[in-house]
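Observations on the model geometry
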Amino acid sequence: MSLWSETTQERAREIISRYPEKRSAVMPLLYLAMAEDGYLTNDGMAEVAVWCGITPAQVRSVASFYTMYKREPTGEYLLSCCTSISCMLLGGDDILGAVEDESGVPHGETDDEGLLSVEHVECIGACGGAPAVQVNYELIEGVTPEKARELVRWLRTARPKVVNTDEMQELFGGPRSFDWGISEEDGAIGPYPAFQPLGTVGSEGGG
Amino acid sequence: MTTLLVTRRMTDHPTDSHTLNRYESTGGYIQAKRAMDSSREELVEEVKASRLLGRGGAAFSAGLKWSFLAPARPSYLVINADESEPGTFKDRQLLERDPHQMIEGIIITAVANEAHHAFVYIRGEYPKPARRVQAAIDEAYAIGYLGQGIFGSDYDLEVTVHLGGGAYICGEETALINSLEGLRGEPRLKPPYFPAAKGLYMMPTIVNNVETVSNLPHILSMGSGEYAELTGNDDTGTFMMSLSGHVNRPGNYELPHGITWRELIYDIGGGITGDKKLKAWIPGGASAPWFVPDQHLDLEVTKEATAAAGSMLGSGAVIVMDENTCMVRAAERIVRFFAHESCGQCTPCREGTTWLEMILRRIEEGQGRAVDLDLMVDVSDGISIGLAWPPRMTTICPLGPSAVSPIMALRSYFRGEVDAHVDAGGCPFLPTTRGAPDGTNEGDRRSEEDLSTSGGRGSGGRPPEMTGEDVDRVGGAS
């Protein structure tokens, strides 16, 4: 008897069908479990174990290896500030400081409301547009400390249902690593990567 | 001044270079169709003759890699899009702006290696590139270029996009394979686990980087001979370089091999921000040993010249640091990265990178001691014997030895700067080598007062996680 909704179960079956061996679906199913519960619960990991035909301990060994699998309650918005070398050279530490100060949430923690989590992360591949941040892994390049403060205030007041990278870049970003070229309407609906085949993507239109 | 190959379409057609329509109207998929009629031997020989080197960092001959594929079947193809080397963002651009080019490369590579299932392993922090790639894959499926009986043939090719979970080590090909199998992303021993022999599900597997396969349509189109002649040296074709740090024009540049570092940083990169002086740069991603102006500025940007000078082009990421950059802090930031990303299998890497990070932090925070540099060299020697280049590894994979590169730089070029930290009891530079909010880098030295209040021993600064005595003891035992 699955803990997951019929839609999520259907999604899980579809994901598993993409791999020659079902154990390979552990990582996408972990994202699915996060989308189901908001973060990785023990029950969620146990469910993934059943689907993949492995033990809960084996699932936890995978989940604990990677930084993006959050095993603690995580805010609706996960704000990740890059402080790796290229961002650090251009003030990434100041961005992190501004975010922590404005939000009152230090690295690795979540506010009381469960709205905002803050973390500093290693290189997110936006070095040409440093310093960069991500909200639910949607990128904003060329951020300043003041814009970072505005971003925190915006997330708390506007509370966008879908976090869209083009919109945030327009509002809070600056120089980019390269011309993004084309805008898109999809975005993130939780603190996990927005990717249609995982069922973790949202659209402005679709709500 | 240069021939654009992999970035030509996105340059000429900035608004729709990612679509199937634009791809096909600019010559796309012709080479994949041609490849369908070629034998494995013909394709392997053609790519060997092009002397295309892997663009993920190791710069190994792509054709040779293919030729090693063991006869057992099924074989698999894995595209390494786990781009995570600090300073590197070129694959992100190729994935977002020209995904069909990569897909055509996938088809060519799959046919050459008789693979019927390909995986594109994209780092989890790249959801937008993943969406673009999936959309392009969906387009290719819809028109019959992927799926069952591609291009009307009897050849089946499935492509699965797999998102990573935020682990740099999964860019190492055997760690990536473990990750794709649903295991922890820990590298495997080579031998016996060379992917071409025992890869995904213990079957023969080709792991190629995004940029590597994106070159294939161009090699088949122009012919290996012409491709190999694009440059006048041993490094054939073009090379994507990601410029970041204190340069006026950061970004990705597709360049012919053979320009000089001076041209790259000053002409292409537009020089140092705020007309400051260049202090050092990292020529090939955070793993690469550093270069300094008085020794390396007029060297050629080629694999051979860079190797001869004791470094590598690696992933093509060039990180530029101006005269106001604190080398201890820069080293700390890079070593911190490797300590964070160590998978933990090998003791020298798991323990050594953490020690190095703690020692660097204590120097930066004013707890440094005169012996610390030698101590770091000693710890480094345990990870990468003799701090040699290329590394003599004590570990399964090159991650640990990569963390030693900044220590090599401090020892060779910036010993005085380390000493200055120790003597002053803190960092003589601005606290975070930060740029001012307006983007200029006002890196003036800290005042005497700042030094005396924030950096000195016993000050109110953040306490080091390990005392000097602890590090000495543990380090001294090695």
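Residues numbered from 1 in each chain as written. Chains lettered and ligands numbered in written order. Predicted model: local features only at pLDDT ≥ 70, side-chain atom pairs only at ≥ 80, totals over all residues.

A closer look at the overall build of chain B
Inclusion rule: Labels follow the DSSP assignment, with helices taken as runs of H or I lasting at least four residues and strands as runs of E lasting at least two, numbered in each case from the N terminus. This entry defines residue contacts through backbone-placed C-beta atoms, with two residues in contact when those atoms are within 7 Å.
When helices and strands are tallied, chain B shows 23 helices and eight strands. In chain B, the proportion of contacts linking residues at least 24 apart, taken out of those at least 6 apart, comes to 72%.

Notes on the pairing of strand β3 (residues 116-121) of chain A
Residue and element names in this part refer to chain A. We count it as follows: Comment: burial labels come from other C-beta atoms within 10 Å of the residue's own C-beta, placed from the backbone, where a count of 20 or more is buried, 12 or fewer is exposed, and between is partly exposed. Between any two strands, pairing holds if DSSP finds at least two bridges.
Counting buried positions along β3 gives six out of six residues, so the element sits mostly inside the fold. Residues of β3 alternate between two faces, with Leu-116, Val-118 and His-120 on one and Ser-117, Glu-119 and Val-121 on the opposite face, all of them buried. Across six bridges, strand β1 (residues 77-82) lies against β3 in parallel orientation. Counted as the bridge partner of Tyr-77 is Leu-116 from β3. Direction of pairing for strand β2 (residues 109-110) relative to β3: antiparallel, over a ladder of two bridges. Within β3, the position partnered with Glu-109 by the bridge is Val-118. Following β2, the chain reverses through five residues before pairing antiparallel with β3; Gly-114 in that reversal takes a positive phi of roughly 75 degrees.

Quick look at the nonpolar core
In a soluble, globular protein the nonpolar side chains are often hidden away together inside. Note the following rule: As used here, a nonpolar core is made of buried Ala, Val, Leu, Ile, Met, Phe, Trp, Tyr and Cys residues. They are joined through C-beta atoms within 7 Å.
Core analysis: the largest hydrophobic core is formed by 200 residues, its most contacted members being A:Leu29, A:Leu30, B:Val78, B:Ile79 and B:Trp281. Excluding anything up to four places from it in sequence, B:Ile79 contacts B:Met102, B:Ile106, B:Ala118, B:Phe119, B:Val120, B:Tyr121, B:Asn208, B:Val210 and B:Val213.

Things to note about the pairing of strand β6 (residues 251-256) of chain B
Within β6(B), five of the six residues are buried, leaving the element largely enclosed by the surrounding structure. Count of turn residues in the strand β5 (residues 238-245) of chain B/β6(B) antiparallel hairpin: five residues.

Some words on the packing of helix α18 (residues 372-383) of chain B against helix α20 (residues 405-413) of chain B
Residues and elements named next belong to chain B. Applied cut-off: The angle between two axes is taken between their N-to-C directions and runs from 0 to 180 degrees, where each axis is a line fitted to C-alpha atoms and a helix contributes only its stretch in contact. In these notes the angle categories are as follows: under 35 degrees is roughly parallel, over 145 is roughly antiparallel, 65 to 115 is roughly perpendicular, and the rest is oblique. The hand of a helix crossing depends on one turn: near helix anticlockwise from the far one by less than a right angle means left-handed, and clockwise means right-handed.
Where α18 meets α20, the closest approach of the two axes is 10 Å, and the angle between their N-to-C directions is 140 degrees. With respect to α20, the element α18 is oriented oblique. α18 and α20 meet at a crossing whose hand is left-handed. The residues of α20 that touch α18, namely those facing Leu-373, Met-376, Val-377 and Ser-380, are Ile-407, Leu-410 and Arg-411.

Observations regarding the confidence of the model for chain B
Residues and elements named next belong to chain B. Stated formally: A residue's pLDDT is simply how confident the predictor is in it, with values from 0 to 100.
Residues of chain B with pLDDT of at least 70 account for 89%, and the chain-wide mean is 90. In the model, residues 432-478 has pLDDT below 50 throughout and makes 81 contacts with residues more than four positions away in sequence or in other chains. Among the prediction metrics, the complex's ipTM stands at 0.98, with pTM recorded as 0.92.

Some remarks on the sheet that holds β3(A)
All names here are of chain A. The strand order across the open sheet built from five strands is β2-β3-β1-β4-β5, with neighbouring strands paired in mixed fashion. Strand pairing shows two members of the sheet lacking a second neighbour, β2 and β5 (138-140), which therefore form its edges. Together, β4 (133-135) and β5 form the strand contacts of helix α8 (residues 165-172), whose direction differs from that of β5 by roughly 20 degrees.

Examining the interface of chain A and chain B
If you look at the interface, chain A gives 55 residues, while chain B gives 59 residues. Only α2 (26-37), α4 (56-63), α5 (85-89), α6 (92-103), β5 and α7 (145-158) of chain A provide two or more residues apiece to the side of chain A that touches chain B.

Quick notes on the domain arrangement of chain B
Inclusion rule: For each domain, the first and last residues come from an automatic or database assignment.
If you check the domain split of chain B, you get domain 1 (8-228), domain 2 (238-321) and domain 3 (327-476). On the domain 3 of chain B side, the residues contacting the 10 residues of domain 1 of chain B number eight residues.

Regarding α20(B)
By the burial criterion, the buried members of α20(B) are B:Ser405, B:Pro406, B:Ile407, B:Met408, B:Ala409 and B:Leu410. Taken together, the buried residues of α20(B) touch β7 (278-282), α16 (327-341), α17 (347-364), α18, α19 (399-402) and α21 (415-424) of chain B.

Things to note about α2(A)
Residue and element names in this part refer to chain A. We apply this condition: What a helix should span is 1.5 Å times the count of its residues minus one.
Taking 1.5 Å of rise per residue, 12 residues should cover 16 Å, and α2 covers 16 Å from first to last C-alpha, within 8% of that figure. Every buried residue of α2 is listed here: Val-26, Met-27, Pro-28, Leu-29, Leu-30, Tyr-31, Leu-32, Ala-33, Met-34, Ala-35 and Glu-36. Trailing α2 by a residue or two, Gly-38 shows a phi angle of about 90 degrees, which is positive.

A few points about the domain arrangement of chain A
The domain boundaries assigned to chain A delineate domain 1 (7-63) and domain 2 (77-192). Measuring from the centre of the C-alpha atoms in domain 1 of chain A to the corresponding centre in domain 2 of chain A gives 28 Å.

Observations concerning the sheet that holds β5(B)
Residue and element names in this part refer to chain B. Spatially, four strands are ordered β6-β5-β8-β7 in an open sheet, and the strand pairing comes out mixed. This sheet does not close on itself; its edge strands, each paired only once, are β6 and β7. Neighbour to neighbour, the strand axes of the sheet diverge by 30 degrees on average, direction disregarded. Direction of pairing for β5 relative to strand β8 (residues 317-322): parallel, over a ladder of four bridges. The partner of Gly-245 across the bridge, within β8, is Val-320.

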